[in-house]
Amino acid sequence: MQLISAALWSTYRIFVAYFLSLAFGIFYGVSASSGPRREKIMIAILDILQSVPILGFFPVAIAFFVAVFRGQRIGLELAAIFLIFTSQAWNIAFGVYETVKTLPRELVEVGKAFNFSKTFTIQRIYLPAMVPTIVFNSGVSMANGWYFLMASEIITLGSQEVKLPGLGSSMMNYLAQGNILGVVMCIGTIVLINTLLQVLIFRPLVKWSELFQYNAVGTAPEWPAVADVLFDFGKALKVDTVLVKLVSTGTKKLSAAAKYVFYVIGAAFVGGLGYLIFWLFSPPYPSNILSQIPAALTVTTMRVVAAVVIAVFLALPFVIRSVKNTTAAQNIYSLASILGSIPAVVFYPPIVALGGRAYMEPLSILLLLTGSFWYALFNMSKGAMLLPGVLTEMAQVFNIKGRLYYKNILIPAILPPLITGALTAWGGAWNASIVAEHVQFGDKVYSIPGIGALLVQSTSDTKALLLIVLCMTALIVLVNMLFWRPWYSKAAKKYNITE
Amino acid sequence: MHKMDVPLPKARVSEVLGLLEILDDEGGHVDLYKLGRTLGHDIDELISTIETAQLFNLVEVDNGDVVFTEVGKQFTDQNMEQRKNYISEVLSKLPYMVELLTALAESEEHSVDMEYLERIIDGEYSEREVKYFVRNLLDWARFAELIWVDSDEQTIHLETEEDEENNPEQNDQEE
Amino acid sequence: MTAVTLLDVKNLNLTFKEKGKELSVLEDISFTLDEGEFLCLVGPSGSGKSTILRIISGILNEYTGEVLYKGEPNPQPNPNVSMVFQSFALIPWLTVQENIELVLEARGIAPRQRIRTALRYIDMVGLDSFEDAYPRELSGGMRQRVGIARALAVEPEILLMDEPFSALDVLTAADLREQVVNLWLEKRLPLKSVLMVTHNMEEAVFLADRILVLSARPGHIIGEISVDLPRPRDSRDKAFEEILDKVYSMILSSRIKS
Ligand SMILES: Nc1ncnc2c1ncn2[C@@H]1O[C@H](COP(=O)(O)OP(=O)(O)OP(=O)(O)O)[C@@H](O)[C@H]1O
Ligand SMILES: [Mg+2]
């Protein structure tokens, strides 16, 4: 009974956060693609948001919500939902942005040539065109939300720990009591919920969403019952009107008044940020912590890099399976969604306690893997699925096999999605690193040096905390800008196989 | 004043050689519409090919017919070596080509990056048009063995005797 | 007999901006489209043919100059104008019938009437029994039939066609051209005039009453040629070939000094 109530609480939070993410993602994505100036600013912001290790900002966000609602329960709920939201929203926003950006020009022109009203165009052309990205990225977002469930239900307020009812907090309780069966039941529930979601909703939708792909050929996928049900629900709840409103507001040019408000908010934000930075860099400096940052960042970077490399290599065999094999790719997608939703963070403390400090180094890399492997898998198999058949056929005709095939055909062909996979794995691993280096189990503390450990040690010192997160984010963003993005665009240009 | 006055090859080597082939088969004289028909009535290919052949003084248009010039007639009877020599001679006098060759000769490595041509071809052209000009100019220059292109490094190099040994494959890259 | 002028295009000029460069695309384009006329616009790639159609159909509305429809400024968009796209531009997630119904729905036509009209035009282009198929399941020729049925279903007076056959293989294109000619000659439709863009000269001579020849970018009209040949036309016909030669010579004369 307790389990069911916990499961309902968690599911409710994840779904509220998910719907908010959807709304935000559609609005933001559409808005960002509706003008070159907006695009520049909004995509840069999104890039940074996506790179910020969410777990690092948890304490700050919680403090904010708790302060606004003066410690009431609703504040805690909102904080939890917000945290889940931050793990789901960015990737949907990016997906929507890319879809709208690459929407075939003819489709838009049909609307104009046959004089569709604006609402009609949004409803019949823009929204359906977003279906594939939204469905696919929802799998990632869902898994992500469950992965961070734990952190969102146990909220530390100063010295006090508040637990919201839910599977995450139940698991923590069971763990503290040493009730292994309880933990297993919780995990089982999470797996069950996600399996049901996959079987009943996402898998049929993924198959169906192929219908919305432009320039697809071959037989059309069947129309699944779940799509009808969702449509009817959507109609009854007037979701379509909401979505249309969302999109049309997103694409609207700002009115003079709105612009003014926007500038004021922007100015306030920049001012606040400026003040924050000024405050951060004005004495007194938490110099003992500052001096540790470079070394700590270096070790953690090494672990993250190791995790990314391992994740990519582990994902490769699966990716190879899904080349030109839609069924395999869809299975991998479902499997990744289910397994990726297990909050591996939970097992981590007892396992570390079991192995002791001596094994913590490899175990931490393992944890980073649980936070990064699924991203690599998701993105890489998505790319592999879309690989043109001629390439593999050509390889067959000329009997190109083995090393030659992988080196000269397959790897170059999937290099762009491989880089995307590695890039997202890189972000995920950083995020997980925050909980990987410092563990408390019972009354014992286990710790290995690194930026995550440093962060946990300085939660009481807001300034130090912010400085650490800032350094981390800066490093991640810099590497994205100087390494991943250029590499991606070079690879995408060189190995462009869509033409 | 009009943009098409810019002396640049608008068609590829293979297209012009094909045109000469057809003309030769037809006895050095062919109706425009018949030529159009052989090309599937693709007006762009027709215009650019004739124009390019004119640039090299190989054909002329006379009263709705395309005919060989004296040079063109000779050209078709020559071997590959002689053809390349002739093209090289005309090509290296085109303004943009002169500019490119000078830049190549002056640079230390005898090479410039791929964007060099895009930078120097200015005027009222769209990006697509410029890309197209560059592609064709390089096509001809490679045919004439004035330069070679390193696609991995995205650089253009001056063709010299030693380089020929290092890059034996670059001569058969035209289709 | 002087025909009624449906469209009067006057002094169209258009400049696009690309990376800070100004690219002049249309230069002083003026022409008329008369009632009962099949007009073809030919010219090299990039000469602005599609752009002219976009302006008339209301897709593009930043230009200088005037477009008059029956003497009045062309309404934007003009419900009496319809369009066939080069790349078909069918909506992939809608069936053949739904694709056609969509444009009818956008005009506020009631559901039952929509279905009836859609089926009638599907029938007219010879696609009966394919109404429930998705575009991806059709061949290129069949897709363009849907494109044509959709354009006709809104019962326009003027049909704009942007290289409607250029994405099809030669034989399919020839077949579909015949059918368009037949539809046009039958005069069963409310359709009054067609303005078609092509860069296939033979196609233009095959279909048009009059051909307008455009120069390379910036596009301006070099000249026009009337095609006074009885239909159905035969491209091996002597008179046909003469006109074809004239079109070729005209289009080449702008570029090539003879
Ligand atoms: N939105 C745009 N922005 C900038 N330039 C444009 C835009 N649309 C078209 N152009 C340019 O305008 C010119 C004319 O384009 P248009 O598509 O009308 O040519 P076209 O005659 O239809 O050519 P094609 O035969 O290739 O279809 C081209 O040079 C094109 O690059
Ligand atoms: Mg066009």
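Worth saying up front: this structure is predicted, and the values here are computed from it rather than measured.

Just checking my understanding: could you explain the overall build of chain A for this structure?
When its secondary structure is counted, chain A shows 22 helices and 4 strands. Over its C-alpha atoms, taken along the principal directions, chain A stretches across nearly 65 × 65 × 50 Å. Here chain A holds 499 residues, and the buried ones make up 51% of them. Contacts in chain A between residues at least 24 apart in sequence constitute 77% of all its contacts with a sequence separation of at least 6. For chain A, the exposed area adds up to about 24300 Å²; of that, 70% sits on carbon and sulfur atoms. Between the centroid of the 34 positive side chains of chain A and the centroid of its 19 negative side chains there is a distance of 6 Å.

Would you mind showing me how to read the overall build of chain B here?
Assigned secondary structure in chain B consists of 9 helices and 6 strands. Burial analysis of chain B (175 residues in total) assigns 54% to the buried set. A separation of at least 24 residues holds for 61% of the contacts in chain B among residues at least 6 apart in sequence. As displayed, chain B offers around 8600 Å² of accessible surface, 45% of which is attributable to carbon and sulfur atoms.

Looking at this structure, I do not really get the pattern of salt bridges. What am I missing?
Considering all chains together, one arrives at 28 salt bridges over all chains under this definition. Two residues, Arg124(A) and Glu105(C), come together in a salt bridge whose shortest N-O distance is 2.6 Å. One end of the pair, Arg124(A), is in helix H6 (residues 118-147); the other, Glu105(C), is in helix H2 (residues 96-106), on a second chain. Where salt bridges share partners, they join Arg13(A), Arg73(A), Glu77(A) and Glu153(A) into one cluster.

Hey, could you run me through the environment of Glu27(C) in this one?
Residue and element names in this part refer to chain C. Its location among the elements puts Glu27 in strand S2 (residues 21-34). The spatial distance from the C-alpha of Glu27 to the C-alpha of Asn61 is 16 Å, given a sequence separation of 34 residues. In contact with Glu27, not counting residues within four places along its chain, are Leu12, Asn13, Pro218, Gly219 and His220.

Is there a simple way to explain the site of ligand 1 in this structure?
Residues and elements named next belong to chain C. Taken together, 13 residues surround ligand 1, and among them Ser45, Gly46, Lys49, Ser50 and Thr51 come closest. The contact in question runs from an oxygen atom of ligand 1 to an N or O atom on the backbone of Ser47, over 3.3 Å. Contact between ligand 1 and Thr51: an oxygen atom at 2.4 Å from a side-chain N or O atom of the residue. For ligand 1, the protein covers 76% of the area, taking 630 Å² as the surface of the free molecule. It is helix H1 (residues 49-57) that contributes the most residues to the shell around ligand 1, 3 residues altogether. Its residues assigned to classes, the shell around ligand 1 comprises 3 nonpolar, 7 polar and 3 charged.

Sorry, what's going on with the sheet that holds strand S1 (residues 29-31) of chain B here?
The strands making up a sheet associate through backbone hydrogen bonding, with each pair oriented either parallel or antiparallel. Residue and element names in this part refer to chain B. Taken in spatial order, the 3 strands make up an open sheet running S1-S3-S2, and their pairing is antiparallel. Of all the strands in the sheet, the pair left with one neighbour each is S1 and strand S2 (59-62). For this sheet, the mean inter-axis angle between neighbouring strands, taken without regard to orientation, is 25°. Judged from the 3 bridges that link them, S1 and strand S3 (residues 65-68) form a sheet pairing that is antiparallel. Residue pairing for S3: Val30 is matched across the bridge by Val66. Sheet strands touched by helix H3 (residues 43-55): S2 and S3. Its angle to S2, the strand with the most contacts, is close to 120°.

Looking at this structure, how should I read the sheet that holds strand S4 (residues 64-69) of chain C?
Residues and elements named next belong to chain C. If you walk across this open sheet you meet the 4 strands as S2-S1-S4-S5, and the pairing is antiparallel. Since the sheet does not close on itself, it has two edges, and those belong to S2 and strand S5 (72-73), each with one partner. Here 10 bridges tie strand S1 (residues 5-18) to S2, and the two strands are oriented antiparallel to one another. By the bridge assignment for S2, Leu7 is matched with Leu33. On the sheet, H1 packs against S1, S2 and S4 and is oriented at approximately 65° with respect to S2.

Explain the interface of chain B and chain C here, please?
By a widely used convention, the size of an interface equals the accessible area lost when the partners come together. Taken together, the 26 residues of chain B in the interface contact 30 residues of chain C. Summed over both sides, the interface between chain B and chain C buries roughly 2600 Å², with carbon and sulfur atoms accounting for 52% of that surface. Three residues, Tyr33(B), Arg37(B) and His41(B), lead the burial of chain B against chain C; their summed loss comes to 25% of the area buried on that side. Remark: the boundary between chain B and chain C carries 3 salt bridges. A salt bridge links Glu129(B) to Arg217(C); the shortest N-O distance between them is 2.7 Å. There are 6 residue pairs in polar contact (both at pLDDT 80 or more) connecting chain B and chain C.

Is there a simple way to think about the packing of aromatic side chains in this case?
The geometry of two aromatic rings is summed up by the distance between their centres and the angle between their planes. Residue and element names in this part refer to chain A. Under the definition given, this model contains 32 aromatic pairs over all chains. Ring geometry for Phe483 and Trp484: centres 4.8 Å apart, planes at 65°, overall edge-to-face. Here Phe483 falls in the partly exposed class, since its relative accessible area comes to 42%. Each residue in the set Phe24, Tyr28, Phe65, Phe82, Phe85 and Trp90 is aromatic and connected to the rest through ring pairs, giving one cluster. Lying over the aromatic face of Trp9, Arg73 brings its terminal NZ or CZ to 5.0 Å of the ring centre.

Would you take a moment to explain the interface of chain A and chain C for this structure?
Chain A puts 27 residues into the contact, and the matching count from chain C is 27 residues. In this assembly, chain A packs against chain C so that about 2500 Å² is buried in total across both faces, 61% of it on carbon and sulfur atoms. Ranking the residues of chain A by area buried against chain C places Ala113(A), Phe114(A) and Asn115(A) at the top, with a combined share of 25%. Put simply, chain A and chain C have 3 salt bridges between them. Across the pair Arg54(C) and Glu109(A) runs a salt bridge, and its minimum N-O distance is 2.6 Å. Counting across the interface, chain A meets chain C through 4 residue pairs in polar contact (both at pLDDT 80 or more). Secondary structure elements with two or more residues in the side of chain A that touches chain C: helix H5 (105-113) and H6 of chain A.

Just checking my understanding: could you explain the pairing of S2(B) for this structure?
Across a regular strand the side chains alternate sides, sitting on one face of the sheet and then on the other. Residue and element names in this part refer to chain B. The side-chain alternation of S2 yields one buried face, formed by Val59 and Val61, and one unburied face, formed by Glu60 and Asp62. Here S2 runs beside S3; their pairing, made up of 4 bridges, is antiparallel. Paired with Val59 across the bridge in S3 is Phe68. The hairpin formed by S2 and S3 contains 2 residues between the paired strands, and Asn63 there has a positive phi angle of roughly 60°.

Where do I start with the domain arrangement of chain A in this structure?
Residues and elements named next belong to chain A. In terms of domains, chain A is made up of domain 1 (2-253 + 284-494) and domain 2 (254-283). The distance between the C-alpha centroids of domain 1 and domain 2 comes to 29 Å. Each side of the interface is counted separately: domain 1 has 11 residues, and domain 2 has 9 residues. At the boundary of domain 1 with domain 2, total buried surface from both sides reaches about 870 Å², with 68% on carbon and sulfur atoms. By the criterion of area lost to domain 2, the three top residues of domain 1 are Tyr285, Lys463 and Leu466, representing 49% of everything that side buries. On the surface where domain 1 and domain 2 come into contact, there are 0 salt bridges. At the junction of domain 1 and domain 2, the tally comes to 0 residue pairs in polar contact (both at pLDDT 80 or more). For the side of domain 1 that touches domain 2, the elements supplying multiple residues, two or more each, are helix H2 (36-51) and helix H22 (462-494). Considering each element in turn, the side of domain 1 that touches domain 2 owes the most residues, 5 residues, to H22. Residues that form the side of domain 1 that touches domain 2 fall into these classes: 5 nonpolar, 1 polar and 5 charged.

Help me understand helix H5 (residues 170-186) of chain C in this model?
Since the α-helix turns once every 3.6 residues, residues separated by three or four places project in the same direction. All names here are of chain C. Taking 1.5 Å of rise per residue, 17 residues should cover 24 Å, and H5 covers 24 Å from first to last C-alpha, within 8% of that figure. When H5 is considered as a whole, its buried residues turn out to be Ala173, Leu176, Arg177, Val180, Val181, Leu183 and Trp184. Along H5, the residues classed as buried sweep out an arc of 160° about the axis, all on the same side. Buried residues belonging to H5 abut strand S3 (38-42), helix H3 (111-124), helix H4 (140-153), strand S7 (158-162), strand S8 (193-198) and helix H6 (201-207). Looking at the residues trailing H5, positive phi occurs at Lys187, about 60°.

Cut-offs used in this document
Residues numbered from 1 in each chain as written. Chains lettered and ligands numbered in written order. Predicted model: local features only at pLDDT ≥ 70, side-chain atom pairs only at ≥ 80, totals over all residues. Heavy atoms only, no water. Helix = DSSP H or I, 4+ residues; strand = E, 2+ residues; numbered from the N terminus. Buried < 20%, exposed > 50% of the residue type's maximum accessible area, 1.4 Å probe, protein only. Contact = heavy atoms within 4.5 Å. Areas by Shrake-Rupley, 256 points an atom, 1.4 Å probe, with all protein chains shown as cover. Lys, Arg positive; Asp, Glu negative; His and termini not counted. Charge placed at Lys NZ, Arg CZ, Asp CG, Glu CD. Salt bridge = Lys/Arg side-chain N within 4 Å of Asp/Glu carboxyl O. Near = heavy atom within 4 Å. Polar contact = N/O pair within 3.5 Å; in protein donor to acceptor, adjacent residues only side chain to side chain. Nonpolar A, V, L, I, M, F, W, Y, C, P; charged D, E, K, R; others polar. Pairing = 2+ DSSP bridges. Axes fitted to C-alpha atoms, helices over the stretch in contact; angles between N-to-C directions. Buried area = accessible area lost by both parts, 1.4 Å probe. Phe/Tyr/Trp six-rings, centres within 6.5 Å; stacked < 30°, edge-to-face > 60°. Lys NZ or Arg CZ within 6 Å of the ring centre and 35° of its normal. Domains from an automatic or database assignment. Expected span 1.5 Å × (residues − 1). Arc of directions from axis to C-beta.

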